[in-house]
Amino acid sequence: MAVNLKGRSFLTLQDFTPEEIRYLLDLGHDLKTKRRAGIHAPTMKGKHIVLLFEKTSTRTRCSFEVAATQEGAHVTYLDAGSSQMGKKESLEDSAKVLGRFFDGIEYRGYDQKVVEDLAKFAGVPVWNGLTDADHPTQILADMMTIEEHCAKPLNKVKVVFPGDVRNNMCYAWMIGAAKMGMHFVGLGPESLAKEMDQKIVKETFETARQTGGLIEITDDKSCLKDADVIYGDIWASMGEEALIPERAKLLTPYRVTEETLEATGNKDVLYLHCLPSFHDFETKMAKEWKEKGVDIREATDEVFRGKHSVVFDEAENRMHSIKAILVATIGK
């Protein structure tokens, strides 16, 4: 059956079938190959998109801007201080106005309900650039990267996520892995596992049963055995800085080290990370916390820069996978 995603919003992978996700991954690979071959076919010429950012970003903003302009579209960027949305104008009214101006809207912020309401009222495709509950564009890039570096099909791949199992990247991976029949393990403290969103847990466990996948949440490091991917993320998200000392103490046992990789027993294991990463003390934030006696590194520098790390291929694939979403939903 042919896949047609024209006019669809991209809010969560939960809204898409495995076949539709497969289509987006294949399109991402194809667009990447064409770009590297110098083949240019502006499928979005004459289109206009707006990027709404309540949370700052490097990769997400650049990926959307470069992907759109490479395909011939014009991009408008609005940060939290550049619009009246939610302040002097309701979200519904703003969505309806922006939908009259633009062919598509990207949102990166906090509440998942905001991106859902934008899609409800805008009348044009809305794309989720990150919320506190999900990060679906990142998962597409991650899956593309795994396919480039791992000989196994996705439904034979095991991903282990050591760290804060309640965060948006863990949830996003649970959703994506369940959809594609993958084996995903969230590895973290039991105290954090108890705070997980039970709706997401229930839905992903049920989806995995239907697709032949497996979703697990554990504090047992024996789960590292036979992992194909170790996935890293920072320990405190934007807005949680006050929790860093407590979070670092709790999650230090889950820092990704050479020993973590060795525990997989897989000489070809991959290390992925959504970035930014604290892997050394060269950032202002890591230095300041180190001076206070707190080590906030979620991975060692040896792992981050080592032979198993494909984090920069992964970062590049943000642009190619986002381009696939744009082309599929509003392209010609």
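See the structure printed just above.
**Describing the pairing of strand β1 (residues 48-53)**
- The buried fraction of β1 amounts to 5 of the 6 residues, a majority that puts the element mostly inside the structure.
- Strand direction decides the pairing type here: β1 and strand β2 (residues 74-79), joined by 6 bridges, are parallel. Residue pairing in the sheet places V50 in a bridge with T76 of β2.
- Between β1 and its parallel partner β2, the chain crosses via helix α2 (residues 59-70), and the hand of that crossover is right-handed.
- With 5 bridges connecting them, β1 and strand β3 (residues 104-108) associate as parallel partners. Residue pairing across strands places V50 opposite I105, the latter belonging to β3.

**Describing the packing of α2 against helix α13 (residues 311-330)**
- Closest axis-to-axis distance for the α2/α13 pair is 8 Å, and the angle between their directions is 50 degrees. By the angle between their directions, the pair α2 and α13 is classed as oblique. At the point where α2 passes α13, the crossing takes the right-handed sense. Seen from α2, the contacting residues are R59, T60, S63, F64, V66, A67, A68 and Q70; seen from α13, they are A315, R318, M319, I322, K323 and L326.
- Classifying every residue of the contact of α2 with α13 by side-chain character gives 8 nonpolar, 3 polar and 3 charged.

Criteria and cut-off values
Residues numbered from 1 in each chain as written. Predicted model: local features only at pLDDT ≥ 70, side-chain atom pairs only at ≥ 80, totals over all residues. Heavy atoms only, no water. Buried < 20%, exposed > 50% of the residue type's maximum accessible area, 1.4 Å probe, protein only. Helix = DSSP H or I, 4+ residues; strand = E, 2+ residues; numbered from the N terminus. Pairing = 2+ DSSP bridges. Right-handed = clockwise from strand over helix to strand, strands pointing away. Axes fitted to C-alpha atoms, helices over the stretch in contact; angles between N-to-C directions. Parallel < 35°, antiparallel > 145°, perpendicular 65-115°, else oblique. Left-handed = near helix turned anticlockwise from the far one by under 90°. Contact = heavy atoms within 4.5 Å. Nonpolar A, V, L, I, M, F, W, Y, C, P; charged D, E, K, R; others polar.

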